[in-house]
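An overview of the molecular structure
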Amino acid sequence: MPRSTRLIATVTLAAAAVTSSGCFLVAAGAGAGAAVAYTNRGATANIEGTVPVVFDKAVRAFGTLQIAETGRATENSGDLQRLVGTLGEQEITVEVKRSSENVAAVEVTAKKNVVDYDKDLAKRVLDAMMK
């Protein structure tokens, strides 16, 4: 990974750690040298690629993990795309947002119910996207 991309990822994660109101853990991510960060509601990472390319990775990850797709949305002229699906009783949401020309910020949430989130499932979805 180019040094500038690593620097951007490090600064982004550091800023998120400072501004995050909850637990923040960083784990080594698979592929593309990305780092996965746990948030209050799931997991996040910066993934190399345009929004459409990274969104396609999310669609493939849903297929790999047997998550049934229930909806898609596109906002901000394509700079934000959302994929929603279910796995059993859990609702999984992947938001892919343009971070720069060739990097997309991805946030995955896996909701068990209104207040309980499955951060490990969210991380598994991100890991599948980065393979």
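You'll find the structure just up there.
First, a word on scope: everything that follows refers to the structure included in this document. Predicted, not measured: the structure shown is a model, and the values here were computed from it. (Residues numbered from 1 in each chain as written. Predicted model: local features only at pLDDT ≥ 70, side-chain atom pairs only at ≥ 80, totals over all residues. Heavy atoms only, no water.)

As a further point, take unusual backbone geometry. A positive phi angle, close to 60 degrees, is found at Gln 66, a residue other than glycine. We classify Gln 66 as exposed; its relative accessible area is 67%. Here Asn 76, not a glycine, exhibits a phi torsion of approximately 50 degrees, which is positive. As for its placement among the helices and strands, Asn 76 is situated in the loop between β4 (68-75) and β5 (80-87). (Buried < 20%, exposed > 50% of the residue type's maximum accessible area, 1.4 Å probe, protein only. Helix = DSSP H or I, 4+ residues; strand = E, 2+ residues; numbered from the N terminus.)

Moving on to the pairing of strand β2 (residues 35-38). On a regular strand, one side chain projects to one face of the sheet and the next to the other, so that they alternate. Bridging between β2 and strand β3 (residues 42-48) involves 2 bridges; their strand directions are antiparallel. Pairing of Tyr 38 across the sheet is with Ala 43, part of β3. Hairpin connection of β2 to β3: 3 residues between the antiparallel strands. (Pairing = 2+ DSSP bridges.)

Moving on: the pairing of β5. Where β4 meets β5, 7 bridges bridge the pair, whose relative direction is antiparallel. In the sheet register, Ala 68 faces β5, and the bridge partner there is Thr 86. In sequence, β4 turns back onto β5 through a hairpin of 4 residues, with Asn 76 there showing a positive phi of about 50 degrees. Pairing of β5 with strand β6 (residues 90-100) involves 8 bridges; the strand directions are antiparallel. Paired with Leu 83 across the bridge in β6 is Val 94.

A word on the packing of helix α2 (residues 51-64) against helix α3 (residues 119-129). The contact between α2 and α3 brings their axes to 8 Å, and the two run at 120 degrees. Helix-helix and strand crossings are classified by hand; for α2 and α3 the assignment is right-handed. Across the interface between the two elements, Val 54, Lys 57, Ala 58, Ala 61 and Phe 62 from α2 touch Val 125, Ala 128 and Met 129 from α3. Taken together, the residues that form the contact of α2 with α3 break down as 7 nonpolar, no polar and 1 charged. (Axes fitted to C-alpha atoms, helices over the stretch in contact; angles between N-to-C directions. Left-handed = near helix turned anticlockwise from the far one by under 90°. Contact = heavy atoms within 4.5 Å. Nonpolar A, V, L, I, M, F, W, Y, C, P; charged D, E, K, R; others polar.)

What the rule picks out here adds up to 6 salt bridges. Across the salt bridge formed by Arg 82 and Glu 75, the nearest N and O atoms sit 3.0 Å from each other. Overall, Glu 75 belongs to the partly exposed group, its relative accessible area being 35%. In this structure, Lys 123 engages Asp 127 in a salt bridge whose closest nitrogen and oxygen atoms are separated by 2.8 Å. Separated by 4 residues within a single helix, Lys 123 and Asp 127 lie in helix α3, roughly one turn from each other. The burial state of Lys 123 is the same as that of Asp 127; both residues are buried. (Salt bridge = Lys/Arg side-chain N within 4 Å of Asp/Glu carboxyl O.)

Nothing here speaks to function; it is geometry throughout.
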